[in-house]
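Report on the structure
For reference, the chains in residue letters:
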Amino acid sequence: MKTFDKPHKRYNPLTDEWVLVSPHRTKRPWQGKTEEVEETRRPAHDPSCYLCAGNERMGGQHNPMYESTFVFQNDFAALLEGDGNTESTKGLLRTREETGLCKVICFSPDHSLTMPEMTIAGLTEVVKVWKREFEALERVSYIKNVQIFENKGSIMGCSNPHPHGQIWAQSSVPNEIAKKTETQRAYFTKYQRSLLGDYLHQELEDGSRIICRNEHFVCLIPFWAVWPYETMIIPTRHFQAVTDMTTEEEVAFAEILSKITIRYDNLFKCSFPYSAGMQQRPTDDKPHEGWHFHYSFYPPLLRSATVKKFMVGYEMFANPQRDITAEQAAETLRLLSEKHYKNG
Ligand SMILES: [Zn+2]
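Described in the following lines is the structure provided in the data block. (Residues numbered from 1 in each chain as written. Predicted model: local features only at pLDDT ≥ 70, side-chain atom pairs only at ≥ 80, totals over all residues. Heavy atoms only, no water.)

1. What to know about the overall build of the chain
Check the secondary structure of the chain and you find six helices and 16 strands. Over its C-alpha trace the chain gives a radius of gyration of 20 Å, about what one expects of a compact globule, namely 20 Å for 344 residues. Considered along the principal axes of its C-alpha atoms, the chain spans approximately 55 × 50 × 45 Å. The buried share of the chain, reckoned over its 344 residues, is 51%. When the accessible surface of the chain is split by element, carbon and sulfur atoms take 53% of a total near 16700 Å². (Helix = DSSP H or I, 4+ residues; strand = E, 2+ residues; numbered from the N terminus. Rg over C-alpha atoms; globule rule 2.2 N^0.38 Å. Buried < 20%, exposed > 50% of the residue type's maximum accessible area, 1.4 Å probe, protein only. Areas by Shrake-Rupley, 256 points an atom, 1.4 Å probe, with all protein chains shown as cover.)

2. Quick look at the side chain of Glu 249
By the secondary structure assignment, Glu 249 is in helix 4 (residues 247-268). One polar contact links Glu 249 to Arg 237, side chain to side chain, over a distance of 2.7 Å. When sequence neighbours within four positions are dropped, the list of residues in contact with Glu 249 reads His 216, Phe 217, Arg 237, Phe 239 and Asp 244. (Polar contact = N/O pair within 3.5 Å; in protein donor to acceptor, adjacent residues only side chain to side chain. Contact = heavy atoms within 4.5 Å.)

3. Thoughts on the packing of helix 1 (residues 120-138) against helix 4
One way to put it is that helix 1 packs onto helix 4 with a least axis distance of 8 Å and a crossing angle of 120°. In terms of their interaxial angle, helix 1 and helix 4 are classed as oblique. Handedness of the helix 1/helix 4 crossing: right-handed. Across from Ile 120, Leu 123, Thr 124, Val 127, Lys 128, Trp 130 and Lys 131 in helix 1, the residues of helix 4 making contact are Thr 247, Glu 250, Val 251, Phe 253, Ala 254, Glu 255, Leu 257 and Ser 258. When its residues are assigned to classes, the contact of helix 1 with helix 4 shows eight nonpolar, three polar and four charged. (Axes fitted to C-alpha atoms, helices over the stretch in contact; angles between N-to-C directions. Parallel < 35°, antiparallel > 145°, perpendicular 65-115°, else oblique. Left-handed = near helix turned anticlockwise from the far one by under 90°. Nonpolar A, V, L, I, M, F, W, Y, C, P; charged D, E, K, R; others polar.)

4. Considering the environment of Thr 306
Here Thr 306 lies in the loop between strand 14 (301-304) and strand 15 (307-308). In the structure, Thr 306 is positioned 116 residues away from Lys 190 in sequence and 46 Å away in space, judged by C-alpha atoms.

5. Some thoughts on the coordination of the zinc ion
Six octahedral donors around a metal ideally subtend angles of 90 or 180 degrees, whereas four tetrahedral donors ideally subtend 109.5 degrees. At this site the zinc ion is bound by Cys 49 (SG), Cys 52 (SG), His 111 (ND1) and His 162 (ND1), with donor distances of 2.0 to 2.3 Å. Viewed at the metal, the four donor atoms of the zinc ion are separated by angles of 105 to 116°, and the geometry they form is tetrahedral. Positions of the donor residues of the zinc ion along the chain correspond to the pattern C-x2-C-x58-H-x50-H. Of this pair, Cys 52 sits in the loop between strand 2 (17-21) and strand 3 (70-73) while His 162 sits in the loop between strand 7 (145-152) and strand 8 (164-170), placing them 110 residues apart in sequence. One exposure class covers both Cys 52 and His 162, and it is buried. (Donors = N, O, S within 2.8 Å, 3.2 Å for Na, K, Ca; no water. Tetrahedral: all angles 85-135°; square planar, octahedral: opposite > 155°, others 65-115°.)

6. Thoughts on the nonpolar core
By size, the foremost hydrophobic cluster in this structure holds 55 residues, and its most contacted members are Trp 130, Tyr 229, Ile 233, Phe 253, Leu 257, Tyr 295 and Phe 297. For this core, the leading source of residues is helix 4, giving nine residues. Leu 257 has contacts with Met 115, Val 127, Trp 130, Ile 233, Tyr 295 and Phe 297, leaving out every residue within four places of it along the chain. Ranked by size, the runner-up nonpolar core spans 14 residues in total, among them Leu 196, Leu 220, Trp 227 and Met 232. (Core = buried A, V, L, I, M, F, W, Y, C linked by side-chain atoms within 4.5 Å.)

7. Thoughts on the sheet that holds strand 16 (residues 321-322)
Spatially, the three strands line up as an open sheet ordered 1-2-16, and their pairing is mixed. Looking at the sheet topology across the chains shown, the edges are occupied by strand 1 (8-12) and strand 16. Pairing of strand 1 with strand 2, which is carried by five bridges, proceeds in the antiparallel orientation. Across the sheet, Lys 9 pairs through a bridge with Leu 20, a residue of strand 2. (Pairing = 2+ DSSP bridges.)

8. As for the environment of Ala 305
Considering the arrangement of structural elements, one finds Ala 305 in the loop between strand 14 and strand 15. The buried category is assigned to Ala 305, whose relative accessible area is 16%. Taking the C-alpha atoms as reference, Ala 305 lies 24 Å from Ala 44; in sequence the two are 261 residues apart.

9. Some points on helix 3 (residues 195-206)
Helix length check: helix 3, at twelve residues, gives a terminal C-alpha distance of 17 Å against a target of 16 Å (1.5 Å per residue), a fit within 8%. When helix 3 is considered as a whole, its buried residues turn out to be Leu 195, Leu 196, Tyr 199, Leu 200 and Glu 203. Buried residues of helix 3, seen end-on, are gathered within an arc of 125° and therefore sit on one face of the element. Relative to its buried face, helix 3 has exposed residues pointing more than 90 degrees away, namely His 201, Gln 202 and Glu 205. (Expected span 1.5 Å × (residues − 1). Arc of directions from axis to C-beta.)

So, in structure tokens, the structure goes:
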């Protein structure tokens with residue numbers, strides 16, 4: 001395929017949306033806002049951290065002396081449990097009751113760690129706990145979607161540096177998942193194949209956006225990526241949810257999570273901030289054969305540890321835009337070491 005060095009748009013077949021790419025613009029000087037770099041050595045246990053083992057949380061409960069992962073229901077949840085489905089419409093004003101529950105998953109008792117600094121064994125425990133939680137929440141009849149995600153770094157609004165992620169399980173299918181459900185369903189109905197499976201095949205033939213891979217997963221910068229160093233992990237086998245992973249795939253997934261997050265930290269020699277999320281079929285009991293599991297990282301940094309990409313102006317009012325191309329970003333990440341800079 002012809003690569004462009006002129007401004008162009010790229011299509012995202014998963015969301016049916018476009019992104020504007022302006023490769024010539026990377027040379028413009030930066031005089032905008034810069035962020036503070038967080039580089040403080042943290043202790044393995046922080047007495048003031050509400051996620052550390054044995055400590056008291058804001059709701060008054062005490063965490064157990066956990067040794068691997070630990071899951072609890074968020075004391076300040078955005079959703080409340082229940083089976084309510086009240087709707088109301090008044091002219092153009094519509095509301096619908098939303099119920100559900102929010103959980104917090106501590107990835108490790110060690111307060112000083114982040115995902116790229118954890119062992120493969122430790123990360124495999126995280127994958128196992130994601131599986132267990134998805135399985136349990138799916139069994140709750142009113143839960144239609146289970147969103148697993150992680151916000152890392154204060155720049156992403158993460159209030160606590162302790163390694164942890166979240167799960168929001170809710171009574172309806174949220175926007176992004178609804179879009180991806182529809183596009184993948186339409187593709188599967190037409191071709192009897194997975195959209196992301198075909199996409200992955202094309203990417204492996206091309207190679208220019210691949211960052212790393214192992215026997216079961218590929219990490220790449222999607223052709224239509226919006227964030228400068230956005231990446232996606234796609235399994236080579238077509239499956240719909242984290243619960244479909246074999247024991248071998250759990251370890252392979254942990255390994256590729258480690259590889260990409262180490263590269264991220266090595267990129268600007270900092271604890272690299274991001275929002276990362278698991279994308280998988282809804283839990284609404286409908287057939288979702290077209291759904292192809294994937295895991296996405298949306299990091300906000302643009303050109304250094306202190307320069308953030310802002311989604312403002314044109315991006316708010318028209319559509320997302322990026323400067324460095326997906327291919328340039330992939331090459332940069334591909335060439336980085338898989339050994340964490342702190343251990344180098
Ligand atoms: Zn802690």
